[in-house]
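Understanding the architecture of this molecule
This is what each chain is made of:
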Amino acid sequence: MVELGKVDQIIEKYAGDKTSVLAILQDVQAAFNYLPREAMNRIGEKLEIPMTQVASLATFFHAFSLTPRGKNIVTVCMGTACHVRGAPRVLAEIERELAVKGGETTSDGEFTVETVNCVGACALGPLVIVNGNYHGNINTADVVEMLHEYKPATGEGAK
Ligand code: FES
């Protein structure tokens, strides 16, 4: 169930300004880690913009995700420089450790694994970015420890 109160707060911050729709979508995505359909409906309603217009903006910009994502976003660079330095092995190890494939979210909603093609930090390759934190020159032996940094402090899998 999407907390629409949170969406309303974000819309209010922009004082219902129609030209702020992109910024509102960005803030909603930051709050939920994706753009829930209910949230897009609410934005359309409050700003008096057709839902189709809100949805087409959301689908046009690749930075937005329309499907639920995990609390932690693990992005593996698969660009050429990272690829030749072992990114496929690192990705395979992450997939094995989290029991998901690239593009998927773990069943506990903790991690989403994604791939990108070069983020312009090739000297750091192979590179994995978790929640915006760069983990450079990573190898398969580092993967478990890196992921543990982001696992919940309690329960199975905690340090
Ligand atoms: S190829 Fe990975 S950062 Fe450029």
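Conventions adopted
- Residues numbered from 1 in each chain as written.
- Predicted model: local features only at pLDDT ≥ 70, side-chain atom pairs only at ≥ 80, totals over all residues.
- Core = buried A, V, L, I, M, F, W, Y, C linked by C-beta atoms within 7 Å.
- Buried ≥ 20, exposed ≤ 12 C-beta atoms within 10 Å, placed from the backbone.
- Helix = DSSP H or I, 4+ residues; strand = E, 2+ residues; numbered from the N terminus.
- Contact = placed C-beta atoms within 7 Å.
- Domains from an automatic or database assignment.
- Pairing = 2+ DSSP bridges.
- Axes fitted to C-alpha atoms, helices over the stretch in contact; angles between N-to-C directions.

Thoughts on the nonpolar core
Nonpolar side chains in soluble globular proteins generally cluster together in the buried interior. Membership of the largest hydrophobic core comes to 16 residues, with the highest contact counts inside it found for Val74, Val76, Ala87, Val90, Ile94, Val113 and Val128. Taken together, the elements giving at least two residues each to this core come down to β1 (72-77), α6 (87-98), β2 (111-116) and α7 (143-148). A total of 5 residues in this core trace back to one element, the largest contributor, which is α6. Among residues more than four places away in sequence, those in contact with Val113 are Val74, Val76, Ile94, Glu95, Leu98, Val100, Gly102 and Glu104.

Some details on the domain arrangement of the chain
Along its sequence, the chain is carved into domain 1 (4-60) and domain 2 (72-148). A C-alpha centroid distance of 30 Å is found between domain 1 and domain 2.

Considerations on the sheet that holds β1
Strand order in the open sheet formed by 4 strands is β2-β1-β3-β4, with mixed pairing between adjacent strands. The sheet terminates laterally at β2 and β4 (133-135), the two strands that pair on one side only. With direction set aside, neighbouring strand axes in the sheet form an average angle of 25°. Pairing of strand β3 (residues 128-130) with β4 involves 3 bridges; the strand directions are antiparallel. Following the sheet pairing, Val128 is matched in β4 by His135. Running over the sheet, α6 touches β1, β2 and β3 and is turned about 155° from β1.

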